[in-house]
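Below, each chain spelled out in residue letters.
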Amino acid sequence: MNYKIVSDSASNLISMKDFPYESVPLHIMVGEKTFTDDSTLDIHAMYEALASYNGKSSTSCPSPDDWCKAFGDADAVFCVTITSGLSGSCSSAHTAKQMYEEKYPDRKVYIVDSLSTGPEMVLLIEKIKELIEKGEEAEKIYKEVTAYHKRTHLFYALASLNNLAKNGRVSPIVAKGISVLGIRIIGTASEEGTLKPVNKARGDKKAMQKLVGCMKSLGYNGGKIVISHSDNLSACEELKRLIQEAFGKFNGFIHENTALCSYYAELHSVLIGFEV
Ligand code: X90
């Protein structure tokens, strides 16, 4: 069996060392400029373009063809998408699956709708990788990752919901509530894979404390963690320290958001995915 994991770039995982993995980019459109969320991206150029442009900006998800190309020639493809509650990426992947399986009747695509983004997608991808490396059958891998998904969660601290609101991904009333400087909105992914604000905090320090409180409330106890951020490593370091203090260890890693998550979560955001 020739396996491959494919995800869209909302995972913030552009490549994987020594493993058949491919990321399919989303695009961010700022006026005349298009930023492709792949290894060629200059994230600071995107921030600058956004800061200096007052018009409308938007995003686009992969087409079925984009997905199909990335499936390549694998017998079994595991395709992890950003939440279907906020993006057409998952539905596009379903069309691609149909195309691929019709063209190659002996191949199969398994789609995992993360109902989330970034760090939680990474946890799902790493679980699939682990199961492939263990030599499990495709059907069993799909079953196990579906069960694992019930134990993974996403929380975030955001400084602005402007781009989410402007693109109709969150209600303008919710967005307005945090337009005050220094206020962070703390939230999670709802069951349907949409934004679910749960709290507010003044400043990063308090926001990070609240994130640890959210982890405790779900019974977190030392499982795997993935943290992503948009130009806010210091808040992540503080979060890491608080996690070490509360749970005795930090079982994970910190990395930067790429274009899609950075665009919607905006500057200074911190996203944390963990397993319970
Ligand atoms: O164009 C497209 O199809 C992409 C649309 C993506 C919309 C939302 C992206 C959210 C990114 C924001 C904070 C975390 C929210 C997670 C809720 C499930 C990050």
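On a predicted model such as this, the values are computed, not experimentally measured, just so you know.

Reading the values: the criteria
Residues numbered from 1 in each chain as written. Predicted model: local features only at pLDDT ≥ 70, side-chain atom pairs only at ≥ 80, totals over all residues. Heavy atoms only, no water. Helix = DSSP H or I, 4+ residues; strand = E, 2+ residues; numbered from the N terminus. Rg over C-alpha atoms; globule rule 2.2 N^0.38 Å. Buried < 20%, exposed > 50% of the residue type's maximum accessible area, 1.4 Å probe, protein only. Salt bridge = Lys/Arg side-chain N within 4 Å of Asp/Glu carboxyl O. Pairing = 2+ DSSP bridges. Axes fitted to C-alpha atoms, helices over the stretch in contact; angles between N-to-C directions. Contact = heavy atoms within 4.5 Å. Near = heavy atom within 4 Å. Polar contact = N/O pair within 3.5 Å; in protein donor to acceptor, adjacent residues only side chain to side chain. Areas by Shrake-Rupley, 256 points an atom, 1.4 Å probe, with all protein chains shown as cover. Nonpolar A, V, L, I, M, F, W, Y, C, P; charged D, E, K, R; others polar. Phe/Tyr/Trp six-rings, centres within 6.5 Å; stacked < 30°, edge-to-face > 60°. Lys NZ or Arg CZ within 6 Å of the ring centre and 35° of its normal.

S.K.: Please clarify how the overall build of the chain should be interpreted in this entry.
M.R.: Of the regular secondary structure elements, the chain holds 10 helices and 13 strands. Radius of gyration (C-alpha) of the chain: 18 Å, near the 19 Å computed for a compact globule of 276 residues. With the C-alpha coordinates of the chain rotated into their principal frame, the extents come out at 55 × 50 × 30 Å. Out of the 276 residues in the chain, the part that is buried amounts to 51%.

S.K.: Looking at this structure, I do not really get the pattern of salt bridges. What am I missing?
M.R.: Working definition: two side chains of opposite charge can pair if their charged atoms are close together. The final tally for this structure, using the stated rule, is 13 salt bridges. Among the salt bridges present, the one from Glu 130 reaches Lys 127, with a minimum N-O distance of 3.3 Å. Here Glu 130 pairs with Lys 127, and both are found in helix 4 (residues 118-133), just 3 residues apart, close to one helical turn. Under the relative-accessibility criterion, Glu 130 is labelled partly exposed at 38%. Under the relative-accessibility criterion, Lys 127 is labelled buried at 17%. Here Lys 134 ties to Glu 136 by a salt bridge, and the two come within 3.6 Å at their closest N and O atoms. For Lys 134, a relative accessible area of 57% gives the class exposed. The exposure class assigned to Glu 136 is buried, which follows from its relative accessible area of 16%. In the salt-bridge network here, residues are joined through shared partners; they are Lys 134, Glu 136, Lys 140 and Glu 144.

S.K.: What am I meant to see in the sheet that holds strand 3 (residues 27-30) here?
M.R.: To summarise the sheet geometry, strands pair through backbone hydrogen bonds and adopt either a parallel or an antiparallel arrangement. Sheet architecture is open: 3 strands sit in the order 4-3-5, paired in antiparallel fashion. What marks the edges here is a single partner per strand, and that holds for strand 4 (33-36) and strand 5 (57-60). Averaged over all pairs of adjacent strands, the angle between their axes in this sheet comes to 20°, without regard to strand direction. Across the sheet, helix 1 (residues 43-51) touches strand 3, strand 4 and strand 5, and the angle it forms with strand 4 is around 145°.

S.K.: Any chance you could explain the environment of Ser 262 here in plain terms?
M.R.: Among the secondary structure elements, Ser 262 is positioned in helix 10 (residues 259-265). According to the relative accessible area criterion, Ser 262 is buried, its value standing at 2%. The spatial distance from the C-alpha of Ser 262 to the C-alpha of Ser 84 is 19 Å, given a sequence separation of 178 residues. If sequence neighbours within four positions are ignored, Ser 262 has contacts with Ile 43, Met 46, Tyr 47, Ser 230, Asn 257 and Leu 267.

S.K.: I tried to follow the site of the ligand on my own but got confused; where do I start?
M.R.: Residues in contact with the ligand amount to 17 residues; listed here are only the nearest, Thr 59, Cys 61, Ser 87, Arg 169 and Leu 195. At a separation of 2.7 Å, an oxygen atom of the ligand approaches a polar side-chain atom of Ser 87. Considered on its own, the ligand offers 550 Å² of accessible surface; in the complex 99% of this is hidden by protein. Residues of the shell around the ligand, tallied by class, amount to 9 nonpolar, 7 polar and 1 charged.

S.K.: Sorry, what's going on with the packing of aromatic side chains here?
M.R.: Centre distance and the angle of the planes are the two values used to describe a pair of aromatic rings. Enumeration according to the criterion identifies 10 aromatic pairs in this entry. Aromatic pair Trp 67 and Phe 71: ring centres 6.4 Å apart, planes at 35°, arrangement tilted. Here Phe 71 and Trp 67 lie together in helix 2 (residues 64-71), a separation of 4 residues that amounts to about one turn. Assigned by exposure class, Trp 67 and Phe 71 land together as buried. Ring centres of Tyr 100 and Tyr 104 lie 5.2 Å apart, and the angle between their planes is 65°; on these two criteria the pair is classed as edge-to-face. A network of ring pairs unites the aromatic residues Tyr 3, Phe 78, Tyr 110 and Tyr 142 as a single cluster. Between Arg 107 and the ring centre of Tyr 104, over which it is positioned, the NZ or CZ distance is 3.7 Å. Just above the ring of Tyr 148 sits the side chain of Lys 127; from NZ or CZ to the centre is 4.7 Å.

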